[in-house]
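Coordinate inspection notes
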Amino acid sequence: MNKNGLGLHIVFTGAPGCGKGTQARILKDKIAIPHLSTGEMLRAEAAKGTPLGLEIKALIDGGNLVPDDMIIKMLSARIDEDDCKNGFILDGFPRTLPQAEVLEEMLSKKGITLDAVIEIQVPDEIIMERILGRYACMTCGAGYHDKFQKPKVYGVCDKCGGTDFYRRIDDNRATVQNRLVNYRALTYPTIPYFDKKGLLRCVDGTGTIEATARKIDDLLAVTKPQ
Ligand code: AP5
Ligand code: MG
């Protein structure tokens, strides 16, 4: 909430491919607060092909994290934008303990406190299949899956009617293995950190997309009545 006790400020966390982006997009459409994905922000910067973009691209393509100071600066500026005044859904941030510590400090300077950190729990065996089957609309970014989330009409985006799709370069078996190693070593320690602060809410993410979304709705209704 912000200093007037309003708004919803939450974090989606969990292993790569657990469904953070999928659930954040569903929630954003329901409650009309922005979805801030640091992965998407970084991919947009990488696509510019600037020296900084190329540096970011090499890190992402190898399944490694970008430096904390770079991501923190980028996120702080994004939170200051007008559309975040009623809250936001953070997806993929914080991803290290230093990022978690800086987040609280940064938000407190802006008069904001986090309402909840939602961990979507999915075992590694399921993750690989989810990531290797993932693709997205080139025009609007809507996410799909070869098996679990097909468009209603083959080859046509449900959201915008686009017919061009792409797969992420880091969505290959070797890079996913490295992303999982980095998740365990660098991101997982943020889970007990938020638990100690009473902010952690865990959701079983092994069911369907719709079932997981319902669990998140139930949990948020308890966290903060809308
Ligand atoms: P990022 O883009 O955040 O990647 P990630 O954490 O690896 O997570 P993903 O986007 O792969 O998975 P997701 O949980 O969003 O799953 P999704 O909903 O798509 O980051 C990419 C890179 O950027 C990082 O590796 C790092 O280099 C860098 N980076 C980003 N943030 C950073 C930070 N803070 N600090 C430093 N570096 C940073 O779902 C996956 C698939 O499964 C989809 O196809 C979907 O349709 C399907 N699916 C989802 N839910 C279900 C379900 N319940 N049942 C069946 N299928 C499902
Ligand atoms: Mg994502």
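The notes below deal with the structure included here. No experiment lies behind these values; they were computed from the predicted model shown.

This paragraph deals with the pairing of strand β5 (residues 134-137). Where β5 lies against strand β6 (residues 143-145), 3 bridges are found, and the strand directions are antiparallel. Paired with alanine 136 across the two strands is glycine 143, which belongs to β6. Between the end of β5 and the start of β6, which pair antiparallel, lie 5 residues, with glycine 141 showing a positive phi angle near 85 degrees. For β5 and strand β7 (residues 165-166), the ladder comprises 2 bridges, and the chain directions are antiparallel. The residue of β7 that forms the bridge with cysteine 137 is phenylalanine 165.

Moving on, we come to the site of ligand 1. The immediate surroundings of ligand 1 are formed by 33 residues, with Thr22, Asn64, Arg95, Arg134 and Gln149 found nearest. At a separation of 2.6 Å, an oxygen atom of ligand 1 approaches a polar side-chain atom of arginine 179. Looking at the shell around ligand 1, the elements with two or more residues in it are α1 (20-31), α2 (38-47), β6 and α9 (209-223). Ranked by residue count, the leading element in the shell around ligand 1 is α2, at 4 residues. For the shell around ligand 1, the residue count by class is 11 nonpolar, 15 polar and 7 charged.

What follows concerns the layout of surface pockets. Taken as a whole, the second largest pocket holds about 450 Å³ of empty space. In this structure, the second largest pocket is lined by 20 residues; those nearest its centre are Glu40, Arg43, Ala44, Tyr166 and Arg168. When contributions to the lining of the second largest pocket are tallied by element, the ones reaching two or more residues are α1, α2 and α3 (51-61). Split into classes, the residues belonging to the lining of the second largest pocket amount to 8 nonpolar, 1 polar and 11 charged.

With an omega of 0 degrees, the peptide bond running from phenylalanine 93 to proline 94 counts as cis. Within the secondary structure, proline 94 is located in the loop between β3 (87-91) and α5 (97-109).

As a further point, take the pattern of salt bridges. One pass over the structure, following the stated rule, counts 18 salt bridges. Linking glutamate 40 and arginine 25 is a salt bridge whose minimum nitrogen-to-oxygen distance equals 3.4 Å. Placement of glutamate 40 in helix α2 and of arginine 25 in helix α1 is noted, with a sequence separation of 15 residues between them. A residue is classified by how much of its surface remains accessible, and glutamate 40, at 37% relative accessible area, is partly exposed. A salt bridge links lysine 57 to aspartate 61, with the shortest nitrogen-to-oxygen separation between them at 2.5 Å. Remark: aspartate 61 and lysine 57 occur in helix α3; sequence separation between them is 4 residues, near one turn of the helix. Classification of aspartate 61 as partly exposed rests on a relative accessible area of 24%. Here the salt bridges share partners, and the residues they tie into one network are Arg134, Arg168, Asp170, Asp171 and Arg179.

Reading the values: rules and limits
- Residue indices begin from 1 for each chain and proceed along its sequence in written order.
- Chain letters start at A and ligand numbers start at 1, both assigned in the order the entries are written.
- In keeping with the model being predicted, local features are shown solely for residues with a pLDDT of at least 70 and side-chain atom pairs are shown and tallied solely at 80 or more, while totals for entire chains, interfaces and linings include all residues.
- By convention in this description, side-chain values take in all heavy atoms of the structure and omit both hydrogens and water.
- Here a strand pair is declared whenever DSSP counts at least two bridges between the two strands.
- Each helix corresponds to a stretch of at least 4 residues labelled H or I by DSSP, and each strand to a stretch of at least 2 residues labelled E; elements are numbered beginning at the N terminus.
- When we say a residue is near a molecule or strand, we mean one of its heavy atoms is within 4 Å of it.
- Contacts described as polar in this section are N or O atom pairs within 3.5 Å, which, within protein, must combine one atom able to donate a hydrogen with one able to accept it, while residues neighboring in sequence count only if both atoms come from side chains.
- Note that Gly is not counted as nonpolar here; it falls among the polar residues with everything else outside the nonpolar set of Ala, Val, Leu, Ile, Met, Phe, Trp, Tyr, Cys and Pro and the charged set of Asp, Glu, Lys and Arg.
- Whether a set of points on the 1 Å grid over the protein atoms alone is a cavity depends on a 1.4 Å probe fitting there but being unable to get out, while an open set qualifies as a pocket with protein on both sides within 12 Å along at least five of seven lines; lining residues are those with an atom within 4 Å of a point.
- Grid points are joined across faces, edges and corners, and a volume is the space filled by probe spheres set on the points.
- Take a side-chain nitrogen of Lys or Arg and a carboxyl oxygen of Asp or Glu: if they are within 4 Å of each other, that pair is a salt bridge.
- Working definition: with a 1.4 Å probe on protein chains only, accessible area under 20% of the residue-type maximum means buried, over 50% means exposed, and in between means partly exposed.

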